[in-house]
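Report on the structure
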Amino acid sequence: MNAENVHQDIDLGARELPREPGDGPVAGDGAEPAAAHTEPAAPPTADAEPAEPEPTERAAPPTGTMSADRLAAKALEARLLGGERRLRRREVAAGAGLSLLSARKLWRALGFPNLGDEDVAFTERDQSALSTIVDLVRDGKLTEEAAISITRAIGQMTDRMVVWQIEALVEDMVQKQGVPDAVARKQLVTELPNLIDALEEMLVYSWRRQLNAGVQRLAVRAEAGLQSSEEGREGDEDDAPLPLARAVGFADLVSYTSLSRRMNEKTLAQLVQRFENKCAEIISVGGGRLVKTVGDEVLYIAETPAAGAEISLALSRAFTEDEILPQARVAMVWGRILSRLGDIYGPTVNLAARLTALADPGTVLVDSMTAAALEQDERFVLVPRPAEDVRGFGEIHPVQLQPGSGRGLILD
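Predicted model only: the values in this text are computed from it and were never measured.

A word on the overall build of the protein chain
Within the protein chain, the secondary structure is distributed over 13 helices and 10 strands. For the protein chain, buried positions account for 34% of its 412 residues. Long-range pairs, those at least 24 residues apart, make up 69% of the contacts in the protein chain with a sequence separation of at least 6. Per element, the accessible surface of the protein chain, about 25700 Å² overall, is 53% carbon and sulfur.

Written as structure tokens, this is what we have:
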């Protein structure tokens, strides 16, 4: 490991297995295990009467037997993990040629809980996966820092995806079978094996498609976006050093907090799902990317000012016309951003958020520079609004974006 990277506490490329401070003895260290000290039980006396068993509410199953539910859960785990748990954490780390400290760093990046030395929690597949990550570093294909960052991305994204999928499956079972939520979650263990192969196939298919789209957005077309963003700029803007030019938009539901207080669990879940589904559909059809949703707000990006404007108008119109969802405040800014950890950062993002708070329900606001980039496009009408003093930006000149000629974004 580069000695200058003093913040790194592991070396994924090293094959030595240093012991962690405070670790107890393990097999192979030459240490004898401590003998367990127990007092022998006193033999029963001849006069002693046999103790009566204490009453219990429910008789325990005979030793060595499992309920059908437990057997199903165990079979599902073995299928998902690639076999039974047979390995301890030190055995997996040693099999991959890593120190335990290095292995734990990667497991934390994946979001795994911390385990003790004696916990039998891993399978051969865990060891193979660990070796795969480490080999990328040892072969020089990734730096240690990049390997950990990519591993963390996989862990965080798959965690959210799995929670989403389980909740969707449970909700479907509740509605289709008419069973309570708790019963549906228990039955999921027996129904999930029929879906694993299809879900896995779709995951790999989607990842490949998304990777291709990401390469096109973030690499192949990045320079063209920067060139188009130069118009109307002087080069000393706050976002000038940032590497990507994007239209950044926010859509924020009006009165969501007060509405959610009056809703029961089922109604609130339906509202949130309807909001996310509608946003995801409009943004994807418009050629943008949904960066994230946070409660009643969605953050999205597009590659051109026109694409961002089309998406923004379509979102505003969709929520205004929706019979269930409230109206939305929408704002969009064309500028430069930094893309990291699956999120976006920079003054452009902050300005778009500030403008969203200034927008009236059912309207779309842009800043003056974004308006200048759209003013020659007949699809849009731009209506200047009074100047506003915005925290962190000083005086800005909001412009209301309205639809012009053309049909706008068309949804199937």
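A short note on the nonpolar core
Counting residues in each nonpolar core, the largest one holds 35 residues, and the members touching the most others are Ile-311, Leu-315, Phe-319 and Leu-401. When contributions to this core are tallied by element, the ones reaching two or more residues are β1 (244-253), α10 (265-285), β3 (297-302), α11 (305-321), β4 (328-340), β6 (364-366), α13 (368-374) and β10 (399-403). Per-element accounting of this core gives the leading share, 9 residues, to α11. What Ile-311 contacts, discounting residues up to four positions off in sequence, is Ile-282, Ile-283, Gly-286, Gly-288, Tyr-300, Ala-302 and Leu-409.

What to know about the confidence of the model for the protein chain
Overall, the prediction assigns the protein chain a mean pLDDT of 80, with 77% of residues at 70 or greater. The spread of mean pLDDT over the elements of the protein chain runs between helix α8 (residues 222-229), the lowest at 58, and β6, the highest at 96. Taken together, the stretch residues 16-58 has pLDDT below 50 and engages in 22 contacts with residues farther than four places along the chain or on a different chain.

Quick look at the pairing of β3
Most of β3 sits inside the fold, with 5 of its 6 residues counted as buried. Across 6 bridges, the pairing between β1 and β3 is antiparallel. Across the sheet, the residue bridging to Gly-249 is Tyr-300, located in β3. Pairing geometry for strand β2 (residues 289-294) and β3, over 5 bridges, is antiparallel. Pairing of Leu-290 across the sheet is with Tyr-300, part of β3. Here β2 folds back onto β3 in antiparallel fashion, the turn holding 2 residues, of which Gly-295 has a positive phi close to 65°.

Things to note about helix α3 (residues 100-110)
For α3, the set of buried residues is Leu-100, Ser-102, Ala-103, Arg-104, Leu-106, Trp-107 and Ala-109. Where α3 is buried, its residues contact α2 (89-95), α4 (124-138) and α5 (144-177). Just downstream of α3 lies Gly-111, where phi reads positive at about 90°.

Section: the pattern of salt bridges
Going through the model one piece at a time under the given rule, you end up with 15 salt bridges. Taking the shortest distance from any N to any O, the salt bridge between Asp-69 and Lys-186 comes out at 3.2 Å. Residue Asp-69 is located in helix α1 (residues 68-81), and its partner Lys-186 is located in helix α6 (residues 181-191); the two are separated by 117 residues in the primary sequence. A single network of salt bridges, built from pairs that share partners, joins Arg-89, Arg-90 and Asp-117.

With respect to the layout of surface pockets
Put simply, the second largest pocket is a space of about 790 Å³. Along the walls of the second largest pocket sit 19 residues, with Glu-167, Ala-168, Glu-171, Ala-269 and Gln-273 positioned nearest its centre. Mapped onto the lining of the second largest pocket, the elements with two or more residues apiece are α5, α6 and α10. With 9 residues, α5 is the single largest residue contributor to the lining of the second largest pocket.

Concerning the packing of aromatic side chains
Throughout the structure, instances matching the rule amount to 2 aromatic pairs. Seen in terms of ring centroids, Phe-275 and Phe-319 are 5.6 Å apart; in terms of plane orientation they differ by 40°. Their pairing is tilted. A residue pair is termed long-range when its members are at least 10 positions apart, and Phe-275 in helix α10 and Phe-319 in helix α11 qualify at 44 residues. As far as burial versus exposure is concerned, Phe-275 and Phe-319 are alike and both buried.

So, how was this worked out
- Residues numbered from 1 in each chain as written.
- Predicted model: local features only at pLDDT ≥ 70, side-chain atom pairs only at ≥ 80, totals over all residues.
- Heavy atoms only, no water.
- Helix = DSSP H or I, 4+ residues; strand = E, 2+ residues; numbered from the N terminus.
- Buried < 20%, exposed > 50% of the residue type's maximum accessible area, 1.4 Å probe, protein only.
- Contact = heavy atoms within 4.5 Å.
- Areas by Shrake-Rupley, 256 points an atom, 1.4 Å probe, with all protein chains shown as cover.
- Core = buried A, V, L, I, M, F, W, Y, C linked by side-chain atoms within 4.5 Å.
- pLDDT = per-residue confidence, 0-100.
- Pairing = 2+ DSSP bridges.
- Salt bridge = Lys/Arg side-chain N within 4 Å of Asp/Glu carboxyl O.
- 1 Å grid on protein atoms, 1.4 Å probe; cavity = no way out; pocket = protein on both sides within 12 Å on 5 of 7 lines; lining within 4 Å.
- Points joined across faces, edges and corners; volume = space filled by probe spheres on them.
- Phe/Tyr/Trp six-rings, centres within 6.5 Å; stacked < 30°, edge-to-face > 60°.

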